[in-house]
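Structure assessment
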Amino acid sequence: MTTPGMTVLEESTLAVASGDESAAIQAPTVSVGDLALPDVVALLHGDDKDRQAQAAARLADIGLHRPATLAPVVPQLLAALTDWDDLDAHRDVVRALEAVADWSLKPLRSAPEMAALRRALWDQRSAAARAFAAQTLARLMAGDQDLLSETWEELAQAIGHQANTHQVDGMLEGIRTLAGSASGRPWQAQIRALAEPFSTHWKPQVQTMARHILDDLEHNSALPPYLRALKVQRPHQPPPPALPETEAPAPGAQYVSLRDLCQLPLPEQIKAFRPLIPNLLLTTCEIDEQSLRDRHGDFALRLATNANSAMVELTIWRQRGDQDPALLLHFGETSNGQLQIYLVVVNNLDAERFDIDYDSAGHPTLLGLVARNLAAEEAALRAGLTPGQVRAGLGLVSRRLLPRVERLAAAWGKQYIFAQPLAYHNAILLERWGFFYLTGQRFMEDLDRRFRDGDLAGRLDGSTFRPLDAGRTVRGRSWAIHDGILGEPWPELHMARRVGRLSQVCTFADAVF
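One structure accompanies this document, and this report is about it.

Rules and cut-offs
Along each chain, residue indices are assigned from 1 in the same order as the chain's sequence is written. Owing to the predicted nature of the model, reporting of local features is limited to residues with pLDDT of at least 70; listing and counting of side-chain atom pairs is limited to 80 or more, with chain, interface and lining totals taken over all residues. Calculation of side-chain values draws on the structure's entire complement of heavy atoms; hydrogens and water are dropped beforehand. Starting at the N terminus, helices and strands are each numbered in turn, a helix being any DSSP run of H or I of at least four residues and a strand any DSSP run of E of at least two. Think of it in three bands: residues with accessible area under 20% of the maximum for their type are buried, residues over 50% are exposed, and the middle band is partly exposed, with areas taken using a 1.4 Å probe on protein chains only. Positive charge is attributed to Lys and Arg, negative charge to Asp and Glu, and no charge count is given to His or to the chain ends. Each salt bridge in this description consists of a side-chain nitrogen of Lys or Arg and a carboxyl oxygen of Asp or Glu lying within 4 Å of one another. Here, two residues are considered to be in contact whenever any of their heavy atoms come within 4.5 Å of each other. Stacked, edge-to-face and tilted labels apply to pairs of Phe, Tyr and Trp rings (six-membered ring for Trp) whose centres lie within 6.5 Å, assigned for plane angles under 30 degrees, over 60, and everything in between, in that order. Each direction from the helix axis to a C-beta atom contributes to the arc, which is the arc of those directions.

This paragraph deals with the side chain of Arg-130. Considering the arrangement of structural elements, one finds Arg-130 in helix 7 (residues 127–142). This buried residue, Arg-130, is left without a salt bridge; Asp-123 holds the nearest opposite charge, at 5.1 Å. With sequence-adjacent residues up to four places away left out, Arg-130 is seen in contact with Ala-120, Leu-121, Asp-123, Gln-124, Arg-125, Gln-162, Gln-167 and Met-171.

This part covers the packing of aromatic side chains. Enumeration over the complete set of coordinates arrives at eight aromatic pairs. Note on Phe-273 and Trp-412: the rings are 6.0 Å apart at their centroids and 85° apart in plane angle, and the pair reads as edge-to-face. Residue Phe-273 is located in helix 14 (residues 266–273), and its partner Trp-412 is located in the loop between helix 17 (397–411) and strand 5 (416–419); the two are separated by 139 residues in the primary sequence. When its relative accessible area of 7% is taken as the criterion, Trp-412 is described as buried. On the basis of an interplanar angle of 80° and a centroid distance of 6.5 Å, the ring pair of Tyr-416 and Phe-436 is categorised as edge-to-face. In this pair, Tyr-416 is assigned in strand 5 and Phe-436 in strand 6 (residues 436–439), connecting sequence segments 20 residues apart. Grouping residues by exposure puts Tyr-416 and Phe-436 together as buried. Every member of this aromatic cluster is reached through a ring pair, and the members are Phe-273, Phe-331 and Trp-412.

Three or more residues of helix 10 (residues 188–195) are buried, namely Gln-188, Ile-191, Leu-194 and Ala-195. Here the buried residues of helix 10 occupy an arc of 130° about the axis, which is enough to place them on one side.

This brings us to helix 14. The set of residues buried in helix 14 consists of Gln-269, Ile-270, Ala-272 and Phe-273. All buried residues of helix 14 lie within an arc of 160° about the axis, which places them on one face of the element. Of the exposed residues in helix 14, those oriented more than 90 degrees away from the buried face are Pro-267 and Lys-271.

So, in structure tokens, the structure goes:
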């Protein structure tokens, strides 16, 4: 009998409590997908293994699409990192945490979260937990010299404890982050001492990772600080949005995996990536086309590859001791086997250098991301450079370099080349090179309208970086945006080009560069 005001669920609970099982009414189970986030997280520690697995899968899916949503529950996710029963559910929790870390390291910086990561370093049941902890701590350490000093010994000991296991390469990937970072430069001796024994490990993948660490140590001593800083700033790029086709393109018959190329011996890697280097660049820099040696007999090519992340960084140096490389090409492979370009720099080493990468006190600016050298930027602007350039280029990217990238992409069976423009002028140049927008075309079209007769035109006040006619040129708009005219950071735009096909996207009609 139902008491007035009692819900069916309350009556069911009362009947069971009184021992009247026949009167009990089974309350319907709410789908995990309909639960609020705190309730989903709570299921991770429940006794129902099926619901636990569903909750973990749900959290991994949230991380894939909305990682910022998981930031408030990072402490609970870290608790579940070392307290688990079902391996599949545990892997989903790791995926959720990886998504948060790729989005932002801020939710993992506080003392309790750092302590949880340190505990996970010693988890004997899960290589995935150990690898995530090592990689995340290393990324945090790469941006914090004090934290590196406090945490290095424990991280090194935890990796040494796993030296004879077959899954230690995941932890070593964190050491590679440090080897390539500015903060890791004073620690090169310690990093080398840790990595060298693994170069003779019984597992080939561990040997390869150790070799990459040692290569990166040498590379880190040569790469300019502003380029190292940019790489550390965004060590993990988000995957590009879905392609406009109903399904992602399948690899062709001649498909070549970049990850497989990165596992080849170094001489074979050089042979595979050599077609990317324009001969005109080598001639300009007095580098022999066959031996790739400079006029002093030193090898001009530096190649850093990572098989785990399928990334390649190729640099050409005119001579040992130069402040900047003649060419830097950083690219990788997406999850569906396409080519992703992360960074391209071509320098005219005979042109004047503008020290926009350091402020007046000598601190790195990350090319204006964290600070600015206004005097150097003004000089660069007067010289016709765009934001982020320390020297003029050689005009090789569109005429020489990109055609080589496209030909090699076609030879590897790739169908798309992805790119993420870091500034307004980059986006316009990518449009001219036949790229189309996966995200951001409406934003770019709106910018054009705003610079022509909208609010941005009204904000051009005649100052150094906002001259009254800045809206008429690509360079002028880019400098104004760099100067903060938008009132918000430059957004993440995603662009793509179909191999062998030019798109006709134009968001700035009749533009003068």
